[in-house]
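The chain contents come next:
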Amino acid sequence: MSRIAATFTALQARGRKALIPYVTAGDPYADATADIMVAMAKAGADVIELGVPFSDPMADGPVIQKASERALARGIGMPQVLDAVRAFRQRDERTPVVLMGYANPVERYGVDRFVVDAKAAGVDGVLVVDYPPEECEAFAATLRGAGLDMIFLLAPTSTEQRIRDVGRMASGYVYYVSLKGVTGAGHLDIAAVADMVPRIRATSSVPVGVGFGIRDAATARAVAQVADAVVIGSRLIQLLEAEAREGWQRGCEAAGLHRRDPRRPRLVKARRVRMSWLEKLLPPKIQHTDPAERRVVPEGLWIKCPSCETVLYKTDLEQNINVCPKCGHHHRIGARARLDAFLDPEGRYEIGQEVLPVDALKFKDSKKYPQRLKAALEATGETDAMVVVGGAVMSVPIVAACFEFDFMGGSMGSVVGERFVRGVEAAVEQKVPFVSFTATGGARMQEGLLSLLQMAKTNAALTRLAKARLPYISVLTDPTMGGVSASFAFVGDVVIAEPKALIGFAGPRVIENTVREKLPEGFQRAEFLIGTGALDMIFDRRELRPKVARLLAMLQRHSADAIA
C-alpha cells in the first residue's frame, strides 16, 4: 500500500478528512522548501503537494504563477525540486509528497529518469496538469511500476467520458478543480461541488480532493463535508510571500542595512519558517490533534457576563450567538462567527479575499504599519477588517459584509473599502440585496487620507445599488464609530441596531471634554438613538435572521411564503 493510500485509510478509520496544502518549490527562498514542508506537516498537513516551477502555466492564477517566476529566477528546476524532497524525507518519512506541475519539465528531464529519481527522492505521487488520461497510458504504467500514484485533475466542465477515464486510471486520489478558470480566481459553489463529487466517486474507489477557491477555515469546513480532502494553495503562497517580506525587513533592520543595500547579507534568522498562520487557517475538524498535547483544564472555559456578572459556560454562550442567556447582553462576536450564524450554511462564497493591505504611506507610530498588520493577522486569522460573503438568509439570496473588530479595531482602510465595493458590485450583478454589519472604531489612521476616501467610495457604490432598486440593510453593532458611522452605516433603506450598541462619531468622553457638559444617560446607545429617529429598529441578535429575511422579502415585494 502506498503512503498516500495508507494515509487516507487511516484518516477514514478515524472519521477525518485530509488536508493537502500546496506550495511552490523554491519560493519564497531557494533553500527554504524542505523547512516549509516540515512546518506544514507539523501544523496538520496530511499530504503535501509540491509545485514544480514552470514558465508557461495554463491553470495557475497570478499568485502561483508569480511564485513560479520567483523560483525560476533563483534557478529552481527539477533537480532542485527533487533535492528538496530528499531533504524533507530525512526529517519526515510519514507524510506523502505529490509533485504537481506540467509535462514540459518532466519531459525535458527525461520521463524514465524522472520516475526513477522521483521514487528515490521519496515522492509518492505525480500530478501532471497537461497529461490527460487518454494520452498518458504509458506514463501512468511507468509510475505504477515504480510504486508511484498517478493523480488526475477533473473540472466542472469534464465530460462523463473524461470522468470515467480518470476513474479507471487514477490512483492515490482525484483532484477536483471546483472552479472554472485559473487558481485563485472565482467563488466556490459548495452546492455544485456536492453535486459533482458523488459522480466522480461512482467511477473510482480512490478519494476525491477538492481545490481552487478555498481561502479560509469556513470554506474548508464546507468542502470537507462533501469531499475526502481539502486542497489549499494560493492562500498559503500569499501568506508565505507576506511572511518573507516581513522577514527580510526585520533582517535588514537588525543588520543596520537599507533594504536595497547591495551587500544583501544572508539573513538566516529572517528565513525562519513559522506556521502559526497556517494553524489559524486550518479548520479544527481537519487539523491533527495530539491527545497528549491537550490541556486537562482548557483555558477560557468560563466567561463572566459584564452586564449581570453571571459566570457562563463558553460553549453555551457561543451556541446562543454570544448573547447572555440570563440578561440578554450582546457580547461582541467575530465576523465569521456572525456570518455563520446569520447566513444559510449552503452555497456561500467569499468576495474580495484576494485584496490585501499595503503600506503605501510607509506609516510608523510606535510600530510600523506592516508590524501591526502582521500582529492583527496572527490574532484573528484575517487579512483585513472586513469579510464579504455571498449566500442566502432563509433562502433569500444576499451579499453580506461584516467587520472584524479584533483586526485593528475594525478600522476602515483601503482594503475594507475595496471589499465593500466589490460586495456591492456583486449584489448589483446578481440582482440581490446587500446587508452590512458594522463593528468599527472608524477610519484607519495608518492610511491617512486614503482611509478617509473610502467614505466617498463606499457611498458611491451604494448609489449604484440604489439605482438598481436593490435593498440595502445596515445592521449597527457595538461599536459603530467614526468614518463608518459618517458614511455607509446610516444610509441603509432600513437601519437596524443591536441592543445597547454604542453608535456615534466621536466617543462620549471626547464629546464631554469638548462641550464641557454631562451627557444624558445612555447617550449614543441604540435605545437613545432610536428615540431621536436615527435608527429604524432594534433587534435581538437571535431574531435577526427571520426579521431581516422578512424585511428583504417586503422590500423586494416578494411573498413572505418564500421565506424558508
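Quick caveat, the model's predicted, so the values are computed rather than measured.

**Overview of the sheet that holds strand S7 (residues 174-177)**
- The strand order S5-S4-S3-S2-S1-S9-S8-S7-S6 describes an open sheet built from nine strands, whose pairing is parallel. Single-partner strands in this sheet number two, and they are strand S5 (149-150) and strand S6 (152-154).
- In the sheet, S7 pairs with strand S8 (residues 208-211) via four bridges, with the strands oriented parallel. Residue pairing for S8: Val174 is matched across the bridge by Val208.
- Contacts between helix H8 (residues 160-169) and the sheet are confined to S6 and S7, with S6 contributing the most and set at about 155° to the helix.

**Section: the sheet that holds strand S18 (residues 537-538)**
- Pairing is mixed across the open sheet formed by seven strands, whose spatial order is S12-S13-S14-S15-S16-S17-S18. The open sheet has two free edges, formed respectively by strand S12 (349-351) and S18, since each of these has just one partner strand.
- Two strands pair when backbone bridges link them, and strand S14 (residues 396-403) and strand S15 (residues 434-440) are joined in this way by four bridges, in the parallel orientation. In the sheet register, Val399 faces S15, and the bridge partner there is Phe434.
- Contacts from helix H14 (residues 335-342) reach S12, strand S13 (386-393), S14, S15 and strand S16 (472-480), with the element oriented near 160° to S14.

**Things to note about the nonpolar core**
- One finds Leu50, Leu82, Leu99, Phe114, Phe139, Met150 and Tyr176 to be the most contacted residues of the largest nonpolar core, which totals 64 residues.
- Those residues within four positions of Leu99 in sequence are excluded, and the remaining contacts are Leu50, Val52, Val81, Leu82, Val85, Phe114, Val123, Gly125, Val126 and Leu127.
- Of all hydrophobic cores here, the second largest spans 39 residues; its members include Ala426, Ala461, Phe488 and Ala497.

**Considerations on the pattern of salt bridges**
- Tallied over the entire structure, the rule returns 31 salt bridges.
- Salt-bridge contacts for Glu378 lead to Lys374; the nearest nitrogen and oxygen are separated by 2.8 Å. Of this pair, Glu378 and Lys374 both sit in helix H15 (residues 369-380), four residues apart, which is roughly one turn of the helix.
- With relative accessibility at 16%, the residue Lys374 sits in the buried group.
- Through salt bridges that share partners, Glu354, Glu418, Arg422 and Lys457 make up one connected network.

**A short note on the pairing of strand S3 (residues 97-101)**
- Burial runs high along S3: five of the five residues are buried.
- Here S3 shows no split at all, with Val97, Leu99 and Gly101 on one side and Val98 and Met100 on the other all buried.
- As defined by bridge partners, strand S2 (residues 48-51) adjoins S3 across four bridges and the pair is classed as parallel. By the bridge assignment for S3, Gly51 is matched with Met100.
- Strand direction decides the pairing type here: S3 and strand S4 (residues 125-128), joined by four bridges, are parallel. Bridging across to S4, Met100 finds its partner in Leu127.

**Section: the environment of Lys500**
- Tracing the backbone through its elements, the reader meets Lys500 in the loop between strand S17 (494-497) and helix H19 (508-515).
- Judged by its relative accessible area of 53%, Lys500 is exposed.
- Separated by 29 residues in sequence, Lys500 and Leu529 place their C-alpha atoms 10.0 Å apart.
- Among residues more than four places away in sequence, those in contact with Lys500 are Asp478, Arg525, Ala526 and Glu527.

**Digging into the packing of aromatic side chains**
- Taken as a whole and assessed by the stated rule, the structure comprises eleven aromatic pairs.
- With 5.9 Å between their ring centres and 35° between their planes, Phe434 and Tyr472 make a pair best called tilted. Within this pair, whereas Phe434 is found in strand S15, its partner Tyr472 is found in strand S16, the two being separated by 38 residues in sequence.
- Taking relative accessible area as the criterion, Phe434 reaches 0% and is therefore assigned buried.

Thresholds, definitions, all that
Residues numbered from 1 in each chain as written. Predicted model: local features only at pLDDT ≥ 70, side-chain atom pairs only at ≥ 80, totals over all residues. Heavy atoms only, no water. Pairing = 2+ DSSP bridges. Helix = DSSP H or I, 4+ residues; strand = E, 2+ residues; numbered from the N terminus. Contact = heavy atoms within 4.5 Å. Axes fitted to C-alpha atoms, helices over the stretch in contact; angles between N-to-C directions. Core = buried A, V, L, I, M, F, W, Y, C linked by side-chain atoms within 4.5 Å. Buried < 20%, exposed > 50% of the residue type's maximum accessible area, 1.4 Å probe, protein only. Salt bridge = Lys/Arg side-chain N within 4 Å of Asp/Glu carboxyl O. Phe/Tyr/Trp six-rings, centres within 6.5 Å; stacked < 30°, edge-to-face > 60°.

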